[in-house]
Amino acid sequence: MKIKKHNIFTYSLLGLMMLCLASCSTSKNTFTNRAYHNITCRYNVLWNGKQAFKSAETEMKKLSKDNYTATLPVYNYPDKSDLGPALSYLDRTIEKSSKAIYKHSMLIRGKEYVKTIDDAYLLMGKSNFYKQDYVAAQRIFQYILHNYPKSNTYNEAAVMLARTAMRQGYYSLADEQLENLHYLATNKKDKKFNQIFNAAKAEYHMTAPDGEITEAIDFLNNAIASKPEREFKNRLHLIAGELCETIGQQEEATNHFKTVINKTSDYNMLFCAQMHLASNYDGSESARNAIMKQFNKMLEEKKNEDFKDQIYYACSEIARIDEDDEARKDYLAKSVSASTNNNYQKTFSAITLADLYFSENDYRNAQHYYDSAMLAIPKNYPNYEGIQKKSNFLKDLVLKLDEIDLQDSLQRIAKMKPAERNNWVKKMIADYTEAERKAAAEEAERMLALQNASSYSNINTTSSNGKWYFYNQSLVTAGMQDFYRRFGSRKLEDNWFISNKQVISFDEMMVMNDPSLAQDSVEYDEDGNPIPKRETDPKKEQYYLQDLPLTPGAMDTSNAIIADNLFQVGFIYQDLLEDLPRACESFQSLVTRFPESEYTPSSIYMLYTLYKRQNNNAKADEYKQIIFSKYADTDFAKIINDPDYYKKIEERNKSIERYYETVYEQFNNKQWSSVVKAADEYIPQCTDQNLKSKYSYLRAISVGQLYNEDSVIRGMQHIVTEYAEEPVAELARIYLSTVDPAKLAAPVQQVAEGEAAQGSEAGQAQAAATQPAAVATNPFVYNAEEVHYIILLVKSSQLPIQTVKLNLNNFNKTYFSLQRFNISSFYIDNQQQMVTISKFNNASLAMDYYNIFVKDPVFADDITKGNIIVYPMGATNYTTYYNKQDGRQFYDKFVKDNYLKE
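Residues numbered from 1 in each chain as written. Predicted model: local features only at pLDDT ≥ 70, side-chain atom pairs only at ≥ 80, totals over all residues. Heavy atoms only, no water.

**Student:** Would you mind showing me how to read the overall build of the protein here?
**Tutor:** Tallying secondary structure elements over the protein gives 39 helices and eight strands in all. Buried positions account for 41% of the 902 residues belonging to the protein. Within the protein, contacts between residues separated by at least 24 positions form 62% of all contacts whose residues are at least 6 apart in sequence. For the protein, the accessible area works out to roughly 52300 Å², and carbon and sulfur atoms hold 50% of it. (Helix = DSSP H or I, 4+ residues; strand = E, 2+ residues; numbered from the N terminus. Buried < 20%, exposed > 50% of the residue type's maximum accessible area, 1.4 Å probe, protein only. Contact = heavy atoms within 4.5 Å. Areas by Shrake-Rupley, 256 points an atom, 1.4 Å probe, with all protein chains shown as cover.)

This is the structure:
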């Protein structure tokens, strides 16, 4: 076969190129090597990395949702647990950067001959920064500063190192780093560097404890002057305007807001600037009228439907400046109710209104709006835990006040004469029936109005001019009328078309088909008497009569409920709200209404202390005399005479507790008489129930050793009765469960001391049998620094384990492509398999994986249903969890207390 000449040339050229490529070593400094690695690194590997980084930045922008109710930060950092969609791109960037360095770096005798290697390091550092792996980012930026001091990436790496320090909370290091760059920023005509430097300085002054607002404004203006890209420039203008507004520089603030309004294409930012501009109110009537006119116009515009909450809030600020509290509360309430999708604004308005009511001691309304705030509040909202605590104790207060009001109302009706009470019941039924009739009439009228509306039976998806249905407002309106005619007003939710979403169990369905299968649903009280079913129909008389305290016993129970709630309300007012006058009112009401209540002595003492705190000595002396005259033998009288009374009791208890160790040692040495003598001496002195129960337990066993089994039985019965809530009582119950029932009721046999088989084999066996039984306790320990795993407890009957593993592999490839995890599984019982993802160097890395995993849509539904339970688990606890089955019950709470406490 003949080979053409041009083919020979082609094959020769290809061979020569392959030979050149094969010889392109990174350790030989030749022109061919430098050219090959520079070109390949820049236009192949690193280019791919930069494209992945751009994709990551795009995803980050989607994840970053600005809170326009507060001053915007210079840079918006998403919550780490929400980074999932961007992680795969960031990991790919790191992978490509690492590949560029590993395959193409020509670092020969301390000099780098591939010009883009420092760019690869910078790209890798920025990717770690956005992954919020600040330790790795810090190492890379420091490496660039140390090894590439003359490169074009040096300045950006230095700024990024300062930003990394800020994110870690090391503000002094950040300030020092930025100060080192200040000279370059003022002398170097590099717009990009000046922009990122000044933006970083502004971020420092806005976040550092020693930051200055005026300094932040200056650096923001410098960054703006460096001509950044348009949207970032508008963001800086808005921030500068907000800061100027904070320190009263209204003219400068107005200029910044006007720039944003003229330049931005982001409607959220535009609207925020308009609101700030409109809110620059000087208190004059003309200005107020002009601003309110503008706000009312904005409220009428369809495009502002989702912004009404912010408009109403701005109106409330006008009312605040006018010192019109009623109008302010009205506008804030409208802001809360008008909120559609802005949880920050809803939370902010609700908390502002709740705080306003709280300052007026209107705790019911305050609780209502704190509760509204808690339904919408983002987890990263400032002072989240404090707001949650206030909401919880106010909810507790309002529930108790409502219970008091309810019992008072029930008692008032119960005390009516029978004829008067029957008339009241009939009126309630008549009112309910009338309200029901009016609601039905209004619904019928609304439906008739819809039926009489313009024709809607033949709606086309296009209008006569060919426009799409949703661009034709008249067709949209007709469609809405048709919807309301057919379905009425429905909430937007799953299965909205089903009007009755009552869940019926399989058993209930069987009973509906065959009534003979119905089981007896009658409940019985402690005496075996049937408890009447509660009436649920408001048109029946029993509905209104069933809770009335019509018997002396029911009235006593109602009074006890009121007294208990009054007592607890008093402490909430005193300890949590520090509203001393209302605390006095609550305790005084209890003392006046229920002088024989178990809470009365405590309430009188609290009134004494409360009036002393308010410097009302006359009232304090009045209640002190009541205590001395009626309750002279109580601790309340003793502590008034001796303020150190409880301190002395505590010291005595500690002494008794220390001596308990000695007594327990005597018990172990079978010194039964010494144990009984010590117990008889210290039990009467001890006020700590737990410690008294321990002494009694040792005494019961010791007496049994000295006398007979009957003595042990009586001792254990005493413990069960006297210390029912203490842990020792459970040991006593276990012992009594092994005793012949006949002996439990038998009279105690009188046995002379000395007849017990002390020291005998029988005595030793009895002592061993009555030693404290083992009680399951939490066996897990928290060590954040040890190796960790993520474990999944999977219900085998609900999910095929291979499907779970396949989904796990896909999850790891998507979000953690740079890491290699091992996935294993085994049965831990008949129902569950335990899947282990290993391993993580510490708890923090395991929690990064956990937080992204629980939000992944592939697994979220099964986690919600309980088909998959996810836990982070340290290596030590992993072994414990496997070996100690009785301790597994504690692990869920252990995770909540140690891993999820934030």
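Still more to cover.
**Student:** What is the right way to look at the packing of aromatic side chains in this model?
**Tutor:** The way to describe two aromatic rings as a pair is by their centre distance and the angle between their planes. Inspection of every chain in the model, using the stated rule, returns 52 aromatic pairs. Here a set of aromatic residues connected by ring pairs shows up, and it is made of Phe811, Tyr815, Phe816, Phe821, Phe840, Tyr849, Phe853 and Phe859. The ring of Tyr77 is capped by Arg167, whose NZ or CZ atom sits 3.9 Å from the centre of that ring. Directly above the ring of Phe358 sits Lys390, whose terminal nitrogen or CZ lies 4.4 Å from the centroid. (Phe/Tyr/Trp six-rings, centres within 6.5 Å; stacked < 30°, edge-to-face > 60°. Lys NZ or Arg CZ within 6 Å of the ring centre and 35° of its normal.)

**Student:** Please clarify how the nonpolar core should be interpreted in this entry.
**Tutor:** Considering soluble globular proteins, one finds that nonpolar side chains tend to be buried as a cluster. Leu792, Leu808 and Tyr849 are the most contacted members of the largest nonpolar core, which totals 113 residues. Other than its neighbours up to four places away in sequence, Leu792 contacts Val804, Leu808, Gln833, Met834, Val835, Ile837, Phe853, Ile868, Ile869 and Val870. Counting residues in hydrophobic clusters, the runner-up holds 57 residues, among them Ile387, Leu397, Val569 and Tyr599. (Core = buried A, V, L, I, M, F, W, Y, C linked by side-chain atoms within 4.5 Å.)

**Student:** Is there a simple way to explain helix α32 (residues 727-737) in this structure?
**Tutor:** Two residues of an α-helix separated by three or four positions point the same way, owing to the 3.6 residues in each turn. Regarding α32, the residues found buried are Val728, Ala729, Leu731, Ala732, Tyr735 and Leu736. All buried residues of α32 project into a common sector of 155 degrees when viewed along the axis, lining one side. Residues of α32 that are exposed and point more than 90 degrees away from the buried face comprise Pro727 and Ser737. (Arc of directions from axis to C-beta.)

**Student:** Please explain unusual backbone geometry as it appears in this structure.
**Tutor:** Excluding glycine, most residues fall at negative phi; most peptide bonds, likewise, are trans. Following Ser838, the chain continues to Lys839 via a peptide bond in cis, the omega torsion being -5 degrees. Within the secondary structure, Lys839 sits in strand β7 (residues 832-840). Backbone geometry places Asn361, a non-glycine residue, at a positive phi of 60 degrees. Here Asn361 is to be found in the loop between α16 (343-359) and α17 (363-376). For Asn361, a relative accessible area of 31% translates into the label partly exposed. The backbone phi angle of Asn615 is positive, close to 60 degrees, even though this residue is not glycine.

**Student:** Please explain helix α10 (residues 230-246) as it appears in this structure.
**Tutor:** The end-to-end C-alpha distance of α10, which contains 17 residues, comes to 24 Å, matching closely the 24 Å that a straight helix rising 1.5 Å per residue would cover. All of the buried residues in α10 are Phe232, Asn234, Arg235, Leu236, His237, Leu238, Ile239, Ala240, Gly241, Glu242, Leu243 and Cys244. With its phi angle positive at about 85 degrees, Gly248 sits one or two positions after the end of α10. (Expected span 1.5 Å × (residues − 1).)

**Student:** When you look at the side chain of His276 in this model, what are you seeing that I'm missing?
**Tutor:** Examined against the element boundaries, His276 turns out to sit in helix α12 (residues 267-278). Contact partners of His276, with chain neighbours within four places excluded, come to Glu242, Glu245 and Phe257.

**Student:** Explanation requested: the environment of Ala637 in the structure shown.
**Tutor:** Tracing the sequence through the fold places Ala637 in helix α27 (residues 635-641). Residue Ala637 is classed as buried on the basis of its relative accessible area, which comes to 2%. The spacing of Ala637 and Gln625 is 12 residues in sequence and 9.5 Å in space, taken between C-alpha atoms. Residues in contact with Ala637, not counting those within four places in the same chain, are Ile627, Phe628, Tyr631 and Ala632.

**Student:** How do you make sense of the pattern of salt bridges when you look at a structure like this?
**Tutor:** Pairs can form between side chains of opposite charge whenever their charged atoms are close. Tallied over the entire structure, the rule returns 34 salt bridges. Lys427 is the partner of Asp431 in a salt bridge, and the nearest nitrogen-oxygen pair spans 3.0 Å. Of the two residues, Asp431 and Lys427 are both situated in helix α19 (residues 418-451); the distance of four residues between them amounts to about one turn of the helix. Measuring nitrogen to oxygen at the nearest pair gives 3.1 Å for the salt bridge that ties Lys896 to Asp892. Of this pair, Lys896 and Asp892 both sit in helix α39 (residues 891-898), four residues apart, roughly one helical turn. (Salt bridge = Lys/Arg side-chain N within 4 Å of Asp/Glu carboxyl O.)

**Student:** Whenever I open this one, the pairing of strand β8 (residues 868-874) confuses me. Can you help?
**Tutor:** The two faces of the sheet receive side chains in turn, since in a regular strand these alternate between them. Burial within β8 is extensive, with six of its seven residues counted as buried. The sheet contact formed by strand β5 (residues 788-795) and β8 spans seven bridges and is antiparallel. Bridge assignment links Ile791 to a residue of β8, and that residue is Tyr871. (Pairing = 2+ DSSP bridges.)

**Student:** Got a minute to help me understand the sheet that holds β8 in this structure?
**Tutor:** Sheet strands line up and pair through hydrogen bonds in the backbone, either parallel or antiparallel. Read from one edge of the open sheet, four strands run β6-β7-β5-β8, paired in antiparallel fashion. Edge positions in the open sheet fall to β6 (822-827) and β8, since each of these has one partner strand only. Across the sheet, the axes of successive neighbouring strands diverge by a mean angle of 25 degrees, strand direction being ignored. Set on the sheet, helix α36 (residues 843-853) makes contact with β5, β7 and β8; between it and β5 the angle comes to about 35 degrees. (Axes fitted to C-alpha atoms, helices over the stretch in contact; angles between N-to-C directions.)

**Student:** Where do I start with a negative patch on the surface in this structure?
**Tutor:** On the surface, a cluster of negative charge is contributed by Asp210, Glu212, Glu215 and Asp218. Mapped onto the elements of the fold, Asp218 is located in helix α9 (residues 213-225). (Patch = residues over 30% accessible without salt bridge, like charges linked within 9 Å, V, L, I, M, F, W, Y side chains within 5 Å. Lys, Arg positive; Asp, Glu negative; His and termini not counted. Charge placed at Lys NZ, Arg CZ, Asp CG, Glu CD.)

**Student:** I'm lost on the pairing of β6 in this one. Help?
**Tutor:** Both β6 and β7 contribute to a ladder of six bridges, which runs antiparallel. Within β7, the position partnered with Ser824 by the bridge is Thr836. Two successive antiparallel strands, β6 and β7, enclose a turn made up of four residues.

**Student:** Help me understand the environment of Thr662, please; the structure alone is not making it clear to me.
**Tutor:** Among the structural elements, Thr662 can be located in helix α28 (residues 645-668). The sequence separation of Thr662 and Ala678 amounts to 16 residues, and the corresponding C-alpha distance is 9.7 Å.

**Student:** Would you mind showing me how to read the packing of helix α30 (residues 689-706) against helix α31 (residues 709-722) here?
**Tutor:** Each pair of packed helices can be described by the angle between their axes along with the distance between the axes. Their axes nearest at 7 Å, the elements α30 and α31 cross at an angle of 165 degrees. By the angle class used here, α30 and α31 are roughly antiparallel. The two elements α30 and α31 cross, and the hand of that crossing is left-handed. Counting all contacts with α30, which are made through Gln689, Ser696, Tyr697, Ala700, Ile701, Val703 and Gly704, the residues of α31 involved are Ser711, Val712, Gly715, Met716, Ile719 and Glu722. For the contact of α30 with α31, the residue count by class is seven nonpolar, five polar and one charged. (Parallel < 35°, antiparallel > 145°, perpendicular 65-115°, else oblique. Left-handed = near helix turned anticlockwise from the far one by under 90°. Nonpolar A, V, L, I, M, F, W, Y, C, P; charged D, E, K, R; others polar.)

**Student:** So what exactly am I meant to see when it comes to a positive patch on the surface here?
**Tutor:** There is a patch of like positive charges on the surface, built from Arg42, Lys50, Lys54 and Lys115. Turning to its location among the elements, Lys50 is positioned in helix α2 (residues 31-63). Overall, the relative accessible area of 39% leaves Lys50 in the partly exposed class.

**Student:** Hey, could you run me through the packing of α10 against helix α11 (residues 250-263) in this one?
**Tutor:** With their axes 8 Å apart at the nearest point, α10 and α11 run at an angle of 155 degrees to one another. Considering their axes alone, α10 and α11 lie roughly antiparallel with respect to each other. Our pair here, α10 against α11, has a crossing hand that is left-handed. Contacts from Arg230, Asn234, His237, Leu238, Ala240, Gly241, Glu242, Cys244 and Glu245 of α10 reach α11 at Gln250, Glu252, Ala253, His256, Phe257, Thr259, Val260 and Lys263. Residues belonging to the contact of α10 with α11 are distributed by class as follows: six nonpolar, six polar and five charged.

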